[in-house]
Amino acid sequence: MRTPFIVSLLTLAAGAAFAADAPVIGLITKTETNPFFVKMKEGAAEAAKAQGAKLLTGAGKTDGDNAGQVTAMENMIAGGAKTILITPSDSKAIVPAIKKAQAKGVMVIALDSPTDPAEATDALFATNNYQAGVLIGQYAKAALAGKPAKIVMLDLFPGHPVGAQRHNGFLKGFGLAAPDAKSNELGKAPEIVCMADSFGDQAKGQTAMENCLQKSPEVTVVYTINEPAGAGAFNALKKAGKDKGVIVVSVDGGCQGVKDVGEGKIAATSQQYPLKMASMGVEAGVAYAKTGKKVAGYTDTGVTLIAAKAVAGVESKDVATGTSLCWGKK
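Here goes a summary of the coordinates provided. Worth saying up front: this structure is predicted, and the values here are computed from it rather than measured.

### Here's the deal with the sheet that holds strand S10 (residues 247–252)
Alright, step 1. Read across the open sheet, the six strands follow the order S8-S7-S9-S10-S11-S13; overall the sheet is mixed. With partners counted over all chains shown, the strands left at the sheet margins are strand S8 (192–197) and strand S13 (304–307), one partner each. Recorded for the sheet is a direction-independent mean angle of 15° between the axes of neighbouring strands.
Alright, step 2. Sheet topology note: the S10/strand S11 (residues 268–271) ladder contains four bridges and is parallel. Across the sheet, Val 251 pairs through a bridge with Ser 270, a residue of S11.
Alright, step 3. In the packing of helix H4 (residues 129–144) onto the sheet, the strands contacted are strand S9 (221–224), S10, S11 and S13, and the crossing angle to S10 comes to about 165°.

Rendered as C-alpha cells:
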C-alpha cells in the first residue's frame, strides 16, 4: 500500500500551471530535516522552476529508512516521473527498487552518495568524498607540525561508501597506508588510537569522543565524518579540558560547520555543494525528457578545503569564502 503523503508536489510558483508534457522529476533525500538535504531540495526546486519542470519530493523518516525511500520512488513513478534523483540511505537495499524503476524507462541519478554497486544508477553527481578526506588529512598532518600522531576516527556507520571514502581518504592524505577509493572497508593504522561510529550525529559524536578519551586520553588529532560529529567531539574535548592543542577536522561545509571553523572548534573542513548536485540532476532530467538521452558515469561536483589558519603546502580558502558558499542557516 502506498502512502501518498510521503511524496509532495512542490508548487514552484504561486498558481503555476504546468503543460501536460512538462517533465516530471523526482527527488528523494535521506531526510527532510538535515540542512544539507534542505539545500539540495531548494536547488532542485529553483532549477525545476527555471526549466518548467514539475518536481516531486520525498524522503525517509530518518537516515537509513530504506522502506520510506522505496515507497517514495513507487509513488513518483505512479506520478509520472521519468527521472528520479536519490541520495540512498541504504546503498545496497535500494538497488532492487532502482532496477524496477529503470525497467519502466525511468532514469535514476544518485546524488551525494553512490549505490553499491555504483553502476546500479545511471549516473552519480557527488563530491569526491575520498578527495575530501585527503584534503583534511593533509591539513591535519601539516598542522600537527611533527608532533606524535594519536588519531581518533569518528566514523559514520559500517559499510556506507561515503563513510569509507572519507575515512580512507583522510588516512591517505595524512600519509598513512589506506585502502583505495573503491573499498568500503575502513583502513587502520597504528597511529589510530580509537575508532567509533558517530552516525553523523552531534550527541552520538560527543558520546563516542568521551569513550575514546577514556581509552586514549592523549589524542592529538580527531577525524570526524561530518561537522555535527565534529561539534560533538569538540564538546567532549572541552568538557575534559583537552580542547586546546587537539586538531579536529571534518567534511561538509554547512554554515554552522564553517562558523565552528571560525570559532576554532574545528580546524578545517572540506566543503561540498548540495545545491549544485541537485540543479545538475534536474537539468539532466529535463534533457532526458526532451531528447531521450541519459547521462552516465560519475560527475565530480567539487570540494574546497576551508580553514581558519592556512598551513604550508596545503591549498585552502578562508572562513569568509566558506561562509559565502555554505548551506544551511548563516
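### As for unusual backbone geometry
Alright, step 1. The residue after Asp 116, namely Pro 117, is reached through a cis peptide bond having omega 10°.
Alright, step 2. Within the secondary structure, Pro 117 sits in the loop between strand S5 (107–111) and strand S6 (123–126).
Alright, step 3. Unlike most non-glycine residues, Asp 112 shows phi in positive territory, near 70°.
Alright, step 4. Along the chain, the position of Asp 112 falls in the loop between S5 and S6.
Alright, step 5. Residue classification places Asp 112 among the buried positions, given a relative accessible area of 6%.
Alright, step 6. The residue Phe 199 is not glycine, and still its phi comes out positive at about 60°.
Alright, step 7. Looking at the element boundaries, Phe 199 is found in the loop between S8 and helix H6 (202–215).

### Observations concerning the pairing of strand S4 (residues 83–86)
Alright, step 1. Judged by which residues are buried, S4 turns out to be covered on both faces: Thr 83 and Leu 85 on one side and Ile 84 and Ile 86 on the other are all buried.
Alright, step 2. Inspection of the sheet shows strand S2 (residues 24–29) paired to S4 by four bridges, in the parallel sense. Across the sheet, Gly 26 pairs through a bridge with Ile 84, a residue of S4.
Alright, step 3. Bridge count for S4 against S5 is four bridges, and the pairing is parallel. For Ile 84, the partnering residue across the bridge sits in S5 and is Val 108.
Alright, step 4. Crossover S4 to S5 through helix H3 (residues 95–103) is right-handed.

### Quick notes on helix H5 (residues 161–174)
Alright, step 1. Its 14 residues give H5 an end-to-end C-alpha distance of 20 Å, which sits within 8% of 20 Å, the value for a rise of 1.5 Å per residue.
Alright, step 2. Of all 14 residues in H5, 13 are buried, a share of seventy percent or more.
Alright, step 3. Remark: Gly 175 follows H5 within two positions and exhibits a positive phi of approximately 90°.

### Section: the nonpolar core
Alright, step 1. The biggest cluster of nonpolar side chains holds 27 residues, and the ones touching the most others in it are Tyr 139, Phe 170, Phe 174, Val 221 and Val 249.
Alright, step 2. Listing elements by their share of this core, those giving two or more residues are H4, strand S7 (151–155), H5, S9, S10 and S13.
Alright, step 3. Considering every element that reaches this core, the biggest residue donor is H4, with six residues.
Alright, step 4. Contacts of Phe 170, omitting those with residues within four sequence positions, involve Gly 133, Val 134, Ile 136, Gly 137, Ala 140, Ile 151, Met 153, Val 221, Tyr 223 and Val 249.
Alright, step 5. Counting 24 residues, the second largest nonpolar core, distinct from the first, contains Ile 25, Phe 36, Met 40 and Met 107.

### Some details on the packing of helix H1 (residues 35–51) against helix H9 (residues 274–291)
Alright, step 1. It is the contact of H1 with H9, at a shortest axis distance of 7 Å, that shows an interaxial angle of 35°. The two elements H1 and H9 cross, and the hand of that crossing is right-handed. Residue-level inspection shows Phe 36, Lys 39, Met 40, Gly 43, Ala 44, Glu 46, Ala 47, Ala 48 and Gln 51 of H1 in contact with H9, the latter providing Pro 274, Leu 275, Met 277, Ala 278, Ser 279, Val 282, Glu 283 and Val 286.
Alright, step 2. Here the contact of H1 with H9 is built from residues that sort into 11 nonpolar, three polar and three charged.

Calculation criteria
- Residues numbered from 1 in each chain as written.
- Predicted model: local features only at pLDDT ≥ 70, side-chain atom pairs only at ≥ 80, totals over all residues.
- Heavy atoms only, no water.
- Pairing = 2+ DSSP bridges.
- Helix = DSSP H or I, 4+ residues; strand = E, 2+ residues; numbered from the N terminus.
- Axes fitted to C-alpha atoms, helices over the stretch in contact; angles between N-to-C directions.
- Contact = heavy atoms within 4.5 Å.
- Buried < 20%, exposed > 50% of the residue type's maximum accessible area, 1.4 Å probe, protein only.
- Right-handed = clockwise from strand over helix to strand, strands pointing away.
- Expected span 1.5 Å × (residues − 1).
- Core = buried A, V, L, I, M, F, W, Y, C linked by side-chain atoms within 4.5 Å.
- Left-handed = near helix turned anticlockwise from the far one by under 90°.
- Nonpolar A, V, L, I, M, F, W, Y, C, P; charged D, E, K, R; others polar.

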